[in-house]
Amino acid sequence: MATANQRGQRAHERGAGPGPEASDLHVLAVQLRRMNGEINRVVHGFAGAHTLHATDIQALAAILDAPEPMTPGRLRRHLGLTSGAVTACVDRLERAGHVRRVRESADRRVVHLHYVPEAREAARRYFRPLAEAAVAARAHFDADELAVVGRFLAALNEELSHVASDDR
């Protein structure tokens, strides 16, 4: 199965020029960049208000969204950081009162990262306008349209997870 990078390179080599698909892709890319910029603006505001880095906010989101308790090792792989960088990130988050390290298993070497409930509530209050904007935007679409949007975003996120982030 080809990665998104490989498919994009092949399309470029074929000379995929302007056409309806290229125009649609351009409109989509512009809107995704705009949405990313708006979300980043709010995220950076939260980071600044809590003396955190943008990576720290990504770590908090990963901890919040993890289907099972997050470990520093899984967080390192998720964020693509070195073990030292993850340790520094978790140290900042712990000092700021956002996460706590817990040794919950019989194997005392295993550390789980938990989002502190009070910090989670503070984040929920801060990011409430994003949730309200999503609710307002959602009101413009019916359930079938939202299902398509959800499938598209899931597929896009899957494709993006395969895009190499190394410098070329």
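Rules and cut-offs
- Residues numbered from 1 in each chain as written.
- Predicted model: local features only at pLDDT ≥ 70, side-chain atom pairs only at ≥ 80, totals over all residues.
- Heavy atoms only, no water.
- Salt bridge = Lys/Arg side-chain N within 4 Å of Asp/Glu carboxyl O.
- Helix = DSSP H or I, 4+ residues; strand = E, 2+ residues; numbered from the N terminus.
- Buried < 20%, exposed > 50% of the residue type's maximum accessible area, 1.4 Å probe, protein only.
- Patch = residues over 30% accessible without salt bridge, like charges linked within 9 Å, V, L, I, M, F, W, Y side chains within 5 Å.
- Areas by Shrake-Rupley, 256 points an atom, 1.4 Å probe, with all protein chains shown as cover.

**Q** I'd like a description of the pattern of salt bridges, backed by residues and values.
**A** Applying the stated rule across the entire model yields 7 salt bridges. Residue Arg-41 pairs with Glu-38 through a salt bridge whose shortest N-O separation is 2.8 Å. Within this pair, Arg-41 and its partner Glu-38 are both found in helix H2 (residues 20–49), separated by 3 residues, close to a single helical turn. For Glu-38, a relative accessible area of 37% puts it in the partly exposed group. Across the salt bridge formed by Asp-56 and Arg-92, the nearest N and O atoms sit 2.7 Å from each other. Taken as a pair, Asp-56 in helix H3 (residues 54–65) and Arg-92 in helix H5 (residues 83–95) lie far apart in primary sequence, 36 residues in all. Here the residues in one salt-bridge network are Asp-91, Glu-94 and Arg-101, joined through shared partners.

**Q** Can you tell me about a nonpolar patch on the surface, naming the residues and giving the values?
**A** A cluster of nonpolar side chains, Leu-25, Leu-28, Val-149, Phe-152 and Leu-153, forms an exposed patch at the surface whose accessible area comes to about 400 Å². Those elements giving two or more residues to the nonpolar patch turn out to be H2 and helix H7 (143–160). With 3 residues, the single largest contributor to the nonpolar patch is H7. Residue classification places Leu-28 among the partly exposed positions, given a relative accessible area of 31%.

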